[in-house]
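Residue-level structure breakdown
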Amino acid sequence: MTRRLAEVAKKVGVSEATVSRVLNGKPGVSDATRQAVLTALDVLGYERPTQLRGERARLVGLVLPELQNPIFPAFAEVIGGALAQLGLTPVLCTQTKGGVSEADYVELLLHQQVSGVVFAGGLYAQADAPHDHYRLLAERNIPVVLVNAAIEHLGFPAVSCDDVVAVEQAWRHLASLGHERIGLVLGPGDHVPSARKLAAARAVAGDLPDEFVARAMFSIEGGHAAASRLIDRGVTGIICASDPLALGAIRAARRKGHDVPGRISVVGYDDSAFMNCTEPPLTTVRQPIEAMGRAAVELLNAQIGGTAVPAEELLFEPELVVRGSTAQAPRD
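What counts, and where the lines are drawn
- Counting restarts for each chain, with residues numbered from 1 along the sequence as it is written.
- Given that the model is predicted, a residue must reach a pLDDT of at least 70 before its local features are reported, and side-chain atom pairs must reach 80 or more before they are shown or counted; all residues, however, enter totals for whole chains, interfaces and linings.
- Note that the side-chain values use all heavy atoms of the structure and ignore hydrogens as well as water.
- Think of it this way: DSSP has to see at least two bridges between two strands before they count as a pair.
- Put simply, DSSP marks the helices as runs of H or I at least four residues long and the strands as runs of E at least two long, and each gets a number from the N terminus on.
- Note on definitions: angles span 0 to 180 degrees between N-to-C directions of axes, and those axes are lines fitted to C-alpha atoms, for helices only across the stretch in contact.
- Under the scheme applied here, a residue whose accessible area is under 20% of the maximum for its type counts as buried, over 50% as exposed, and between as partly exposed, the area being computed with a 1.4 Å probe on protein chains only.
- Start and end points for every domain follow an automatic or database-based domain assignment.
- What is meant by a nonpolar core is a set of buried Ala, Val, Leu, Ile, Met, Phe, Trp, Tyr and Cys residues, joined one to another through side-chain atoms within 4.5 Å.
- In what follows, a disulfide is any cysteine sulfur pair within 2.5 Å.
- Contacts are residue-level and defined by heavy atoms, with any inter-residue pair within 4.5 Å sufficient.
- Under the pairing criterion, centres of Phe, Tyr and Trp rings, with the six-membered ring standing for Trp, must be within 6.5 Å; the plane angle then separates stacked pairs below 30 degrees from edge-to-face pairs above 60, leaving the rest tilted.
- Taken from the helix axis, the directions to the C-beta atoms give the arc we talk about.

Brief notes about the sheet that holds strand β8 (residues 237–240)
Strand order in the open sheet formed by six strands is β7-β6-β8-β9-β10-β12, and the pairing between neighbours is mixed. Pairing within the sheet leaves two strands with one partner each, and these edge strands are β7 (213–215) and β12 (319–321). Ignoring which end each strand starts from, the neighbouring axes of this sheet average 20° apart. Sheet topology note: the strand β6 (residues 182–186)/β7 ladder contains three bridges and is parallel. By the bridge assignment for β7, Leu-184 is matched with Val-213.

Shown next as structure tokens:
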């Protein structure tokens, strides 16, 4: 107990006596200090005293599917900063292959009595994945916000980049350069944002052959394998569902002896960090990360404050960023 008092006191910058008064529910402590002590307990992994457990912590779970794709650390930075401005402490939960699952993280966050959870990518975007942990959050009335397209009927508000507009921008850009054989590298078949992108491509193309659509896991290696198949089928322009997929597509073209963009043009999606530093610099469709992240936090904070927030999706407009990976279609 003494060690716990000392650790919490050091974390908050108050005396052990002050921490003791908070833990025992004694008067004489300001609300701000009391809240800081309770938050320190949560952050250090100590259980709150029984009489204080009914109150949710000023912690917010921030659940990410990975950190290798630079878009997810970018979302974490924006969302974490916006939470901190509201006096909320983000708890970063990142999945690793063979490690802690999304459902395990939800259980951990519920144990810590978090005030809410923001999911910036996850199983909610996959129709065939397990979703029971989302229902558990709904049953417990935990405020939740989802970032980017989700399956239907989860009942949470979401902020999303408009996949339809993103594909329209990329497709029309390639078409304006004379490309007629345009292919898509998308995520798995049950991935909702990829399904939206495919529907948009079919609408804008009028006739999109099935062999011009390749599925992949979201990685450079996945993009390489999928793009290799498309190149063998004769495409000259490739639209990818993420920037790492696009980098894999560029690598695939070069391994086959094709120049990018002289022979094959490639468009990414996200405009994540350093895409202007690749060779060639990547033409991509930019997600408005700052606006989306701040909107997600505003929706979450409203719920935490007791305001009813409709389970609707806010769509944000993407922006085509033209760089060096696209050019006029080859003439032969």
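Focus: the pairing of strand β9 (residues 265–270)
When you tally the buried positions in β9, you get six out of six residues, the bulk of the element. Sheet topology places β8 next to β9; three bridges connect them, and they run parallel. What sits directly across from Ile-238, in β9, is Val-266. Strand direction decides the pairing type here: β9 and strand β10 (residues 283–286), joined by four bridges, are parallel. Across the sheet, Gly-268 pairs through a bridge with Thr-284, a residue of β10.

Observations concerning the domain arrangement of the protein chain
Considered domain by domain, the protein chain is made up of domain 1 (1–44), domain 2 (59–160 + 289–317) and domain 3 (163–287). Centre-to-centre, using C-alpha coordinates, domain 1 lies 29 Å away from domain 2.

Details of the nonpolar core
By size, the foremost hydrophobic cluster in this structure holds 92 residues, and its most contacted members are Val-117, Phe-119, Tyr-124, Leu-137, Leu-146, Val-147 and Ile-238. Sort the elements by how many residues they give to this core and helix α4 (residues 71–85) lands first, with eight residues. Two domains each provide a minimum of three residues to this core, namely domain 2 (59–160 + 289–317) and domain 3 (163–287).

What to know about the state of the cysteines
Following the criterion strictly, the structure yields zero disulfides and no others. Free of any disulfide, Cys-277 has its nearest cysteine sulfur in Cys-240, 19 Å distant. Under the relative-accessibility criterion, Cys-277 is labelled exposed at 58%.

Regarding the sheet that holds strand β5 (residues 158–161)
Sheet architecture is open: six strands sit in the order β2-β1-β3-β4-β5-β11, paired in parallel fashion. Every interior strand has two partners, whereas the edge strands, β2 (89–94) and β11 (313–316), have only one. On average, each strand axis in the sheet is inclined to that of its neighbour by 20°, with strand direction left out of account. Looking at chain direction, strand β4 (residues 144–147) and β5 are connected through two bridges and run parallel. In the sheet register, Val-147 faces β5, and the bridge partner there is Val-159. Where helix α11 (residues 289–304) meets the sheet, its contacts fall on β1 (59–64), β3 (116–119), β4, β5 and β11, and the angle it forms with β4 comes to roughly 165°.

Side note on the packing of aromatic side chains
Taken as a whole and judged by the stated rule, the model has three aromatic pairs. Between Phe-119 and Tyr-124 the ring centres are 6.3 Å apart and the planes differ by 70°, which places this aromatic pair in the edge-to-face class. Both residues of the pair, Phe-119 and Tyr-124, count as buried. Between the aromatic rings of Tyr-124 and Tyr-134, the centroid separation amounts to 6.1 Å while the plane-to-plane angle is 80°, which identifies the pairing as edge-to-face. With a gap of 10 residues between them, Tyr-124 in the loop between β3 and α6 (132–139) and Tyr-134 in helix α6 connect regions that are remote in the sequence.

Re α6
Along α6, the residues classified as buried are His-133, Tyr-134 and Leu-137. Projected down its long axis, α6 shows its buried positions confined to an angular sector of 105°, all on one face. Set apart from the buried face of α6 by more than 90 degrees, the exposed residues are Asp-132 and Glu-139. Taken together, the buried residues of α6 touch α5 (102–111), β3 and β4. Backbone geometry just downstream of α6 places Asn-141 in the positive-phi region, at approximately 60°.

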